[in-house]
Amino acid sequence: MEFGIMFFASSKDSLLGNIYDLVKKCAIYGDENDFSSIWVPERHFTEFGGVYNNPAVLQAAIATVTKRIRLHSGSVVMALHDPIRVAEEWAMVDNLSDGRVGLSIASGWNPNDFAFFPEHYTKKHEVMYEGIKTVQKLWKGEYIERLSGNGKMASIKIYPDIVQKQIPLYSTVSANPEGFIKAGKQGFNILTSVLDQTVEELAEKIKLYRKARLENGLDPKEGKVSLMLHTFVGQNEEAIIEEARVPYCNFLKRNKKIFEGLAHNRGRKFSLSDIDDEELDEFLDFLYDRFATSKGLIGTPESCQKIVKQVEEAGVDEIACLLDFGPSSGRILENLKHLNKLKESYKVLETV
């Protein structure tokens, strides 16, 4: 099992001072302690998370202070961009990092994000897959045809060439089985979560993914599945679980639209706005008690081994440890050593 580091939410605390200092310090720690990757998202127009509006820029900065850790987008929302620009930006980061880039691509779901390309919203999935094809072609050093400023067609090739022969591509998928199957057919890796599915349900979808790879002439074992888990590992299990309770519940409150978007992806109508404040607090407290130890790495290095083993048996290859869901920057940094202990102790268990 590999362990990566992920950012997504940005707590109030991390917005103070140098807002990217936590990311850089965690990246350096991860680089020095053999974490597999660092994932940064693309989010727009929201106080909590909007500081991550360009993962290529942030990963370019991280490339200059790290040497080994892989630098992944989690995710690029393809339908918000011209794919030529995506190819150019990440080719630069691949060069800056000497070939450590990986891209997870998402279709997007928040209508306001599509202020960049509002015409793409209703066809976002089609735009995403067409964009991926363009990016892949450009990374191969091939030319594409585009209309130039003088009204004539021009052959376009990007520079610089990428360092890797092929940049690893991931598809960001939720609980929809079709997303796993399509990723398998296309030969993409997977970035997913258990926010709206159980580990057992995820295991069945990973089987569908591996089967789709096999049926399309691809090695089913080579496809990589990365799973995002909320992470807060410390010395005392009971104390850590209680310390993370309020930050986790506040994270859910701040990200109501995520749950509504997940419900929409599953063909359901759901809105936390329909629940009054008291009921919402009770509901989120219930979710936390249920999720903390069954859908997150919240506890001690010893207590968290159970969920690591469960997701590994489900077919997960890497855990992307979501750190900034609400705890203070100081506590996140303090507890990295305990997360590292979990990583190293689990590595020992795997060899026994």
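In short, a report on the structure. This is a predicted model, so every value here is computed, not measured.

Considering the overall build of the chain
Looking only at helices and strands, one finds twelve helices and eleven strands in the chain. On C-alpha atoms alone, the chain measures out to a radius of gyration of 20 Å, which is about the 20 Å that the 2.2 N^0.38 rule sets for 352 residues. Based on the C-alpha atoms only, the size of the chain along its principal axes is roughly 65 × 50 × 50 Å. For the chain, the residues scored as buried account for 53% of the 352 residues in total.

Details of empty space enclosed by the protein
Within this structure, the stated rule accounts for two cavities of 30 Å³ or more. In this structure, the largest cavity spans a volume of roughly 60 Å³. In terms of lining residues, the largest cavity is bounded by Thr 231, Phe 232, Val 233, Leu 323, Ile 332, Asn 335, Leu 336 and Leu 339. Sorting the residues of the lining of the largest cavity by element identifies strand S9 (225–233) and helix H12 (336–351) as the ones contributing at least two each. Examining the composition of the lining of the largest cavity, we find that three residues originate from one element, S9, more than from any other. Residue composition of the lining of the largest cavity, grouped by class: six nonpolar, two polar and no charged.

Some remarks on the packing of helix H3 (residues 83–96) against helix H4 (residues 124–139)
Contact geometry for H3 and H4: axes closest at 8 Å, N-to-C directions at 45°. Of the possible angle classes, the one that applies to H3 and H4 is oblique. Seen from above, H3 lies across H4 with right-handed handedness. Contacts from Pro 83, Ile 84, Val 86, Ala 87, Trp 90 and Ala 91 in H3 reach Gly 131, Thr 134, Val 135, Leu 138 and Trp 139 in H4. Along the lines of polarity and charge, the residues of the contact of H3 with H4 split into nine nonpolar, two polar and no charged.

Description of unusual backbone geometry
Cis geometry is adopted by the peptide bond preceding Ser 75, which originates at Gly 74 and carries an omega value of 25°. Note that Ser 75 resides in strand S3 (residues 70–77). Across the junction of Tyr 159 and Pro 160, the peptide omega takes the value 0°, indicating a cis bond. Within the secondary structure layout, Pro 160 lies in the loop between strand S6 (153–156) and strand S7 (169–172). At Phe 45, a position not held by glycine, the phi torsion is positive, near 60°.

The rules behind the values
For every chain, the first residue of its written sequence is number 1, and the numbers climb from 1 along that sequence. Where local features are concerned, this predicted model is filtered to residues with pLDDT of at least 70; where side-chain atom pairs are given and counted, the filter is 80 or more; whole-chain, interface and lining totals use all residues. For side-chain calculations, the full set of non-hydrogen atoms in the structure is used, while hydrogens and water are omitted. The way it works is that DSSP assigns letters per residue, a run of H or I at least four long becomes a helix, a run of E at least two long becomes a strand, and they are numbered from the N terminus. For this measure, only C-alpha atoms enter the radius of gyration; the expected value for a globule follows 2.2 Å times N^0.38, where N is the number of residues. Three exposure classes are used, based on accessible area relative to the maximum for each residue type with a 1.4 Å probe and protein chains only: buried under 20%, partly exposed in between, and exposed over 50%. Definitions used throughout: a 1 Å grid over protein atoms alone; a cavity as a set of points that fits a 1.4 Å probe which cannot get out; a pocket as an open set with protein on both sides within 12 Å along at least five of seven lines; a lining residue as one with an atom within 4 Å of a point. Grid points are joined across faces, edges and corners, and a volume is the space filled by probe spheres set on the points. Gly is placed with the polar residues, together with every amino acid not listed as nonpolar (Ala, Val, Leu, Ile, Met, Phe, Trp, Tyr, Cys and Pro) or charged (Asp, Glu, Lys and Arg). Fitted lines through C-alpha atoms serve as axes, helices being fitted only where they are in contact, and the angles separating the N-to-C directions of these axes extend from 0 to 180 degrees. An angle below 35 degrees is treated as roughly parallel, one above 145 as roughly antiparallel, one from 65 to 115 as roughly perpendicular, and anything else as oblique. Left-handed describes a crossing whose near helix is turned anticlockwise from the far helix by less than a right angle; the clockwise case is right-handed. The criterion used for residue contact is that any of the two residues' heavy atoms lie within 4.5 Å.

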